[in-house]
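# Coordinates in review
So you can see what is in the structure, the chains are spelled out below.
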Amino acid sequence: CRPWLGVVLRAGGSGRSLVGSRAALATGGGRTIGRRFVTDGIYASALDSRLIFGLGDNGVADTLRVYWSNGAVREMRNPPAKLFLTLWAPTNSGSQ
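Here the residue numbers are simple positions, counted from 1 along each chain's written sequence. With pLDDT at 70 or above as the cut-off, local features in this predicted model cover only qualifying residues; side-chain atom pairs require 80 or more to be listed or tallied, and sums for whole chains, interfaces and linings still use all residues. With hydrogens and water excluded, all non-hydrogen atoms of the structure serve as input to the side-chain values.

## Side note on the pattern of salt bridges
Throughout this description, the term salt bridge denotes a Lys or Arg side-chain nitrogen within 4 Å of a carboxyl oxygen of Asp or Glu. Taken as a whole, this structure holds three salt bridges when the rule is applied. Where E75 meets R77, a salt bridge forms, and the shortest distance between an N and an O atom there is 3.0 Å. Buried, partly exposed and exposed residues are distinguished by accessible area as a fraction of the type maximum, computed with a 1.4 Å probe on protein chains only: under 20%, between the cut-offs, and over 50%, respectively. The partly exposed category is assigned to E75, whose relative accessible area is 33%. Residues joined in a network through salt bridges with shared partners are R65, E75 and R77.

Okay, structure coming up:
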């Protein structure tokens, strides 16, 4: 199984939306992979808020940045591979 990293985006409270949120992952191989939260993949009223990144042969993630729909940015250095990280949307537009 090739290395991967999953990111689960969650919105706290009522009225918050993840639509427009996106993530960028810089890998150890020097490339950056982008994923955008979309709602067009809904099936049977189930919304999949996971963003999945393949890490390639190097298998290392250097930096994960999440750009939330409210303007906030979250950055993580050296996120672990082969698991899902659950990240909650901040309540304001400041960085976390």
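Having seen the structure, we can now continue with the description.
## Observations regarding the confidence of the model for the protein chain
Residues of the protein chain with pLDDT of at least 70 account for 81%, and the chain-wide mean is 84. Summary of the metric used: pLDDT quantifies the predictor's per-residue confidence within the range 0 to 100. A run of H or I in DSSP becomes a helix once it reaches four residues, and a run of E becomes a strand once it reaches two; helices and strands are each numbered from the N terminus. The element-level mean pLDDT for the protein chain is lowest in strand β4 (residues 50–54), coming to 91, with strand β6 (residues 73–77) highest at 96.

## Re the side chain of T27
Note that T27 resides in strand β2 (residues 22–27). Apart from the residues within four sequence positions on either side, T27 is in contact with I33, L55, V60, A61 and D62. When checking whether two residues touch, look at their non-hydrogen atoms; a contact exists if any pair is within 4.5 Å.

## Brief notes about the sheet that holds β4
Adjacent strands of a sheet pair through backbone hydrogen bonds, lying either parallel or antiparallel. What the three strands build is an open sheet, ordered β4-β1-β7; its pairing is mixed. Two strands bound the open sheet, and with one partner strand each, they are β4 and β7 (84–88). Averaged over all pairs of adjacent strands, the angle between their axes in this sheet comes to 20°, without regard to strand direction. We treat two strands as partners when DSSP finds at least two bridges between them. Two strands pair when backbone bridges link them, and strand β1 (residues 4–10) and β7 are joined in this way by five bridges, in the parallel orientation. Counted as the bridge partner of V7 is L85 from β7. Axes here refer to lines fitted to C-alpha atoms; in helices the fit is confined to the stretch in contact. Angles between the N-to-C directions go from 0 to 180 degrees.

## A word on the sheet that holds β6
Strand order in the open sheet formed by four strands is β3-β2-β5-β6, and the pairing between neighbours is antiparallel. Every other strand in the sheet has two partners, leaving β3 (32–36) and β6 as the edge strands with one partner each. Going across the sheet, the axis of each strand differs from the next one's by a mean of 15°, ignoring polarity.

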